[in-house]
Amino acid sequence: MATFGTLSDRLTATFRNLRGKGKLTPADIDGTVREIRRALLDADVALEVVKDFTGRVRERALGDEVNKALNPAQQVVQIVNDELVAILGGQQRRLEFAKKPPTVIMLAGLQGAGKTTLAGKLAKWLVKDGHTPMLIAADLQRPQAVQQLQVVGGQAGVPVFAPEPGNGVGDPVKVAKDGVKEAERKQYDTVIVDTAGRLGIDAELMKQASDIRKAVDPDEVLFVIDAMIGQDAVTTARAFQDGVDFTGVVLSKLDGDARGGAALSVASVTGRPIMFASTGEGLDDFEPFYPDRMASRILDLGDILTLIEQAQQAFDEDEARKTAEKFATDSFTLDDFLKQMQQLKNMGSIKGMLGMLPGARGMREQLDNFDEREITRTEAIIQSMTLQERTTPKLLNGSRRVRIARGSGTTVTDVNQLVARFEQAAKMMKTVAKGGVPQVPGMGPIPGASYGGKKKAQPAKKSKSGNPAKRAAENAAIATGGKVAGGAASGSGFGLGGGAAGGGKAGGPTEEELAALQKFMGRR
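These numbers were taken from a predicted model, which means no experiment stands behind them.

Undergrad: Help me understand the packing of aromatic side chains, please; the structure alone is not making it clear to me.
TA: The description of an aromatic ring pair rests on the distance of the ring centres and on the angle between the ring planes. Taken as a whole and judged by the stated rule, the model has five aromatic pairs. On the basis of an interplanar angle of 25° and a centroid distance of 4.9 Å, the ring pair of F223 and F246 is categorised as stacked. Taken together, the positions of F223 in strand β5 (residues 220–226) and F246 in the loop between α10 (232–243) and β6 (248–252) put the pair 23 residues apart, joining distant regions of the chain. The residues F223 and F246 share a single accessibility class, namely buried. Note on F276 and F286: the rings are 5.0 Å apart at their centroids and 20° apart in plane angle, and the pair reads as stacked. A residue pair is termed long-range when its members are at least 10 positions apart, and F276 in strand β7 (residues 274–278) and F286 in strand β8 (residues 286–288) qualify at 10 residues. By relative accessible area, which is 8% here, F286 ends up buried. Through a chain of ring-to-ring contacts, three or more aromatic side chains come together here, namely W125, F276 and F286.

This is the structure in structure tokens:
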């Protein structure tokens, strides 16, 4: 979600200045609202949206809900989060499917917004959800648009209806109409119509899109907008709403590095919900849009729910149970390690997943430096091993490691590092499986934690004090189990202290202490 990175950084820095204040004055509120306004304007959020947003935040922040709060700063963050959810559309809206198939979904938007690629992403997402979609190539204007849709359809594993070659040849309205009839005949339950775009708004574009809409009577018209488009996003959205009208918005290119805040304005300005978000170039980089989750990501509060959903889709429960058993019985192998790596890869971008953790903005430099290809290199190294070597890493002598390095296109150092990391990970997971807490490298032991295994009995340490009387008293305390005959081992400079003991006065020295003191005084 690089598009909202700058906005997120500015808002996080603004809230950081509020922490530690037990009570917020009107001046604090005004300063915070001023910084929020600047952050939103710098991110290209529409001026009218910024005015409404900051007005509501200021009104609520000056109200009783903040004044009576135990932590006013956190309450302000909550207010901003609530209002951010509101301008993003409030509630998440799902696709509405027709009672009588096929459900017709029409894509509209400017050229370059990513409609064709998004058609493939949406189709693949629908397949995962148990639907049978078909793509219709109704973009007959852009060069090679039909061929691109056929390639994307092949990657998504869905059929493409493309009777015309495109490149300016054919009637898009007729193609769309015939495509819906073909879907009915072949019993596909969903149809996705890819339409033409232009570099800018013009009458011809709007007329063609409007004619296609009238011809196929779509159940959903999704307006695809480039999140990097800037302030023109609002103008474009309004033009399409007036010319074609649409039922929902799809944000594409959310992985870009532009400011992208104008995309936040679309839902508020048009009154149409954002339904999906495209976050990368791969067909799997596509997800339903949840306003509350996106607001949490922008405010660096994390998006744990989406992370859990991705994990549930990628990981096999039975496989995970078997792996846990292997950890407990010390039978976890490099082959199992490879399977775990491949499942992690299936979840999508590692950077994207780490970015969903609360406070991820504080790890910006580490995330930027993370190399996704490291997993591919690890796969190559393990796959260059024999089955016996994967099962028993102790067999990996020098000559075998040289062979593995050559076979995987890496160095012997890379192989050595992988084996060392595997052994360390297996050891840590074994400790966890046995109910202990692993000691993470670079961190000290956790107080009160059990690290697995029994501790060896340590011999009692003797006092090293240079004071003979104190040394005698401390050694006597150690010999009696750590306490000086009913009192603490610590006391005055000569070891005098503790409670009554052995005939001594209450609060006075013990017989051993007196003897040690006399001995010490006699030597003087």
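Undergrad: For this particular structure, what's the right way to read the packing of helix α6 (residues 115–128) against helix α7 (residues 145–156)?
TA: Geometry of a packed helix pair, given as the angle between the helix axes and the separation of the axes. Here α6 crosses α7 at 25°, and the two axes come no closer than 9 Å. Considering the angle they form, α6 stands roughly parallel to α7. Considering how the two elements wind past one another, α6 and α7 form a crossing that is right-handed. Where α6 abuts α7, its residues T116, T117, A119, G120 and K124 lie against A145, Q148, L149, V152 and A156.

Undergrad: Looking at this model, I keep getting lost on the pairing of β5. Mind explaining?
TA: Consecutive residues of a regular strand have side chains that alternate between opposite faces of the sheet. Along β5, seven of the seven residues are buried, which leaves the element largely enclosed by surrounding structure. Burial along β5 is two-sided: E220, L222, V224 and D226 and V221, F223 and I225, pointing in opposite directions, are all buried. Taken together, the four bridges between strand β1 (residues 103–108) and β5 define a ladder with parallel strand orientation. Paired with L107 across the strands is L222, a residue of β5. Pairing of β5 with β6, which is carried by five bridges, proceeds in the parallel orientation. Within β6, the position partnered with L222 by the bridge is G248.

Undergrad: When you look at α10 in this model, what are you seeing that I'm missing?
TA: For the α-helix, the turn length of 3.6 residues means that residues three or four positions removed from each other point alike. Its 12 residues place the ends of α10 16 Å apart at the C-alpha level, agreeing with the 16 Å of an ideal helix rising 1.5 Å per residue. All of the buried residues in α10 are A233, V234, T236, A237, F240 and Q241. Buried residues in α10, looked at end-on, bunch into an arc of 165°, giving them a common side. In α10, those exposed residues whose orientation departs by more than 90 degrees from the buried face are T235 and D242. Directly after α10, the chain includes D245, whose backbone phi takes a positive value near 70°.

Undergrad: Before we go on, may I ask you to explain the pairing of strand β2 (residues 133–138) in this structure?
TA: With respect to burial, β2 is a largely interior element, six of its six residues being buried. The pairing of β2 with strand β4 (residues 190–195) spans six bridges and is parallel. Bridging from a neighbouring strand, A138 pairs with T195 of β4. Sheet topology places β2 next to strand β3 (residues 160–161); two bridges connect them, and they run parallel. Directly across from L135, in β3, lies its bridge partner V160. In this fold, β2 hands off to α7, which returns the chain to β3; that crossover is right-handed.

Undergrad: Help me understand the environment of P288 in this model?
TA: The residue P288 is located in strand β8 in this model. Sequence separation of P288 and V250 is 38 residues, and the distance between their C-alpha atoms is 9.2 Å. Look past the residues within four positions of P288 in its chain and what remains in contact with it is Q92, W125, M275 and F276.

Undergrad: For this particular structure, what's the right way to read the nonpolar core?
TA: Among soluble globular proteins, nonpolar side chains are generally buried collectively. Formed by 95 residues in total, the largest nonpolar core has its most connected members in F15, L122, L222 and F240. Once residues within four sequence positions are removed from consideration, F15 is found in contact with I36, V76, V77, V80 and L299. Core analysis: the second largest hydrophobic core is formed by 17 residues, L396, A405, V415 and L418 among them.

Cut-offs and rules
Residues numbered from 1 in each chain as written. Predicted model: local features only at pLDDT ≥ 70, side-chain atom pairs only at ≥ 80, totals over all residues. Heavy atoms only, no water. Phe/Tyr/Trp six-rings, centres within 6.5 Å; stacked < 30°, edge-to-face > 60°. Helix = DSSP H or I, 4+ residues; strand = E, 2+ residues; numbered from the N terminus. Buried < 20%, exposed > 50% of the residue type's maximum accessible area, 1.4 Å probe, protein only. Axes fitted to C-alpha atoms, helices over the stretch in contact; angles between N-to-C directions. Parallel < 35°, antiparallel > 145°, perpendicular 65-115°, else oblique. Left-handed = near helix turned anticlockwise from the far one by under 90°. Contact = heavy atoms within 4.5 Å. Pairing = 2+ DSSP bridges. Expected span 1.5 Å × (residues − 1). Arc of directions from axis to C-beta. Right-handed = clockwise from strand over helix to strand, strands pointing away. Core = buried A, V, L, I, M, F, W, Y, C linked by side-chain atoms within 4.5 Å.

All quantities given are derived from atomic positions and should not be read as evidence of function.
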